[in-house]
Amino acid sequence: MADEVDLILAAWARELPGVDVTPLGSLSRLSRLAKHLDRARSEAFGAHGLEGWEFDVLAALRRQGRPYELSPGELIRATLSTSGTMTNRVNRLEARGLVVRQPNADDRRGVLVRLTDEGRERVEGALADLLAFERRVLAVVEPAERDALAGLLRRLLAPFEGS
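Residues numbered from 1 in each chain as written. Predicted model: local features only at pLDDT ≥ 70, side-chain atom pairs only at ≥ 80, totals over all residues. Heavy atoms only, no water.

A. Region of the structure containing the environment of Ala40. Here Ala40 shows up in helix α2 (residues 22-46). By relative accessible area, Ala40 is classed as buried at 15%. Spatially, the C-alpha atoms of Ala40 and Leu30 are 15 Å apart, while their sequence positions differ by 10 residues. (Helix = DSSP H or I, 4+ residues; strand = E, 2+ residues; numbered from the N terminus. Buried < 20%, exposed > 50% of the residue type's maximum accessible area, 1.4 Å probe, protein only.)

This is the structure:
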């Protein structure tokens, strides 16, 4: 079962026969798969009136459990964003009624970002649609292979995330 990457590899082998292009076999497939997944995620999130970054912030809050709140610094770490970006994102989410800022009782100068009921409903709906899609994607892989795949991907990701 050939795919587009096989065609790319064959073309490079023909054009540059002395160059080892085998890394493209795995990493180009990961890159192409990521693009397809990003499109599907955008559709799942869009059906709930969310963009990808909005889902990321709301999901980080939802995963915390009640009262669904984090400091801006914790949100920055959870979403791999910057301080300026997070300020803008929280402002936009707050304007849409999906989060609220509240004083941080443990840090008088700080605030906590809290998920609203509407934000919780949207992120949970988007997550349900996303999981249904991702289950369909993974259905072609046996359960034991899924575990192996997750482990291999974890090893590839670890150096980028410092873990």
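B. The arrangement of helix α3 (residues 52-62) in detail. Taking burial as the measure, the 11 residues of α3 include eight buried ones, the bulk of the element. Of the residues making up α3, those classed as buried are Trp53, Glu54, Phe55, Val57, Leu58, Ala59, Ala60 and Leu61.

C. Inspection of the sheet that holds strand β2 (residues 99-104) at higher detail. Spatial ordering of the open sheet is given by β1-β3-β2, a layout of three strands whose pairing is antiparallel. The strands lining the two open edges of the sheet, one partner per strand, are β1 (69-70) and β2. Bridge analysis of β2 against strand β3 (residues 107-115) gives six bridges, and the strand direction is antiparallel. Directly across from Pro103, in β3, lies its bridge partner Val111. (Pairing = 2+ DSSP bridges.)

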